[in-house]
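# Structural characterization, general
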Amino acid sequence: QVQLVESGGGLVQPGGSLNLSCAASGNVLSINDMGWYRQAPGKGRELVASITRGGSTNYADYVKGRFTISRDNAKSTVYLQMNSLKPEDTAVYYCNAVCRRYGFNVDYWGKGTLVTVSA
């Protein structure tokens, strides 16, 4: 099992920055891909960015050039640096880890951290 704990959310003005962190614990050696998803009020959960164990990244079009995902495997932590934040970025951001167990990919999720972008 893997536990994920997000931190770094809060209130920020448009154009500002936040750095989200997600610390994994438990069977961290089983973790392959990690990522950040978000869910705005009244909308479904959507991918923001993902990163493989080897460091390959994938971003949603609406965050390219503004957000950067990274990971520190030694610390079992994934980060999301968010710059040039917009009001439409307001959402609960969830950390995700994809782990291998009994030959299956198993998703683990954090409880989420709220990011509010408002003047």
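A brief report on the enclosed structure follows. (Residues numbered from 1 in each chain as written. Predicted model: local features only at pLDDT ≥ 70, side-chain atom pairs only at ≥ 80, totals over all residues. Heavy atoms only, no water.)

### Section: the overall build of the protein chain
In terms of regular secondary structure, the protein chain is built from zero helices and 11 strands. Written out in order from the N terminus, the α and β elements of the protein chain read β-β-β-β-β-β-β-β-β-β-β. Reported as C-alpha extents along the three principal axes, the dimensions of the protein chain are approximately 45 × 25 × 25 Å. Residues classed as buried in the protein chain amount to 39% of the 119 residues present. Summarising the internal contacts of the protein chain: among those between residues at least 6 apart in sequence, 53% fall at separations of at least 24. (Helix = DSSP H or I, 4+ residues; strand = E, 2+ residues; numbered from the N terminus. Buried < 20%, exposed > 50% of the residue type's maximum accessible area, 1.4 Å probe, protein only. Contact = heavy atoms within 4.5 Å.)

### Focus: the sheet that holds strand β3 (residues 18-26)
With antiparallel pairing, the four strands of this open sheet are ordered in space as β1-β3-β8-β7. Across the chains shown, the open sheet's two edge strands, defined by having one partner strand only, are β1 (2-7) and β7 (67-72). Recorded for the sheet is a direction-independent mean angle of 15 degrees between the axes of neighbouring strands. The pairing of β7 with strand β8 (residues 77-82) spans six bridges and is antiparallel. Bridging across to β8, R71 finds its partner in V78. (Pairing = 2+ DSSP bridges. Axes fitted to C-alpha atoms, helices over the stretch in contact; angles between N-to-C directions.)

### Some details on the nonpolar core
L4, W36, L80, M82 and Y93 are the most contacted members of the largest nonpolar core, which totals 31 residues. Put simply, the parts of the chain that give this core at least two residues each are β1, β3, β4 (31-39), β5 (46-51), β7, β8, β9 (91-101) and β11 (113-117). Setting aside its immediate chain neighbours within four residues, L4 contacts C22, A23, A24, M34, C95, N96, A97, Y108, W109, G110 and K111. (Core = buried A, V, L, I, M, F, W, Y, C linked by side-chain atoms within 4.5 Å.)

### Some points on the state of the cysteines
Under the counting rule described, the total for this entry stands at one disulfide. The disulfide that involves C22 links it to C95, with 2.0 Å between the sulfurs. The sign of the S-S torsion, about -85 degrees, decides the handedness of the disulfide formed by C22 and C95: left-handed. Residue C22 is located in strand β3, and its partner C95 is located in strand β9; the two are separated by 73 residues in the primary sequence. Left unpaired, C99 is separated from the closest cysteine sulfur, that of C95, by 10 Å. You can call C99 buried: its relative accessible area is 2%. (Disulfide = S-S within 2.5 Å.)

### With respect to the pattern of salt bridges
Here the structure, examined in full by the defined rule, presents four salt bridges. Its salt-bridge partner being D61, residue K64 comes within 3.2 Å of it at the nearest N-O pair. A network of salt bridges, in which partner residues are shared, links R38, E46, R66 and D89. (Salt bridge = Lys/Arg side-chain N within 4 Å of Asp/Glu carboxyl O.)

### Some thoughts on the packing of aromatic side chains
According to the stated counting rule, one finds one aromatic pair in the structure shown. Where Y37 meets W109, the ring centres are 5.0 Å apart and the plane angle is 70 degrees; that geometry is what we call edge-to-face. Highlighted residues: Y37 in strand β4 and W109 in strand β10 (residues 104-109), separated in sequence by 72 residues. The class of W109 is partly exposed, set by a relative accessible area of 36%. The ring centre of Y94 lies 3.8 Å from the NZ or CZ of R45, which sits over that ring. The cationic tip of R45 hangs over the ring face of W109; the distance from NZ or CZ to the ring centre is 4.6 Å. (Phe/Tyr/Trp six-rings, centres within 6.5 Å; stacked < 30°, edge-to-face > 60°. Lys NZ or Arg CZ within 6 Å of the ring centre and 35° of its normal.)

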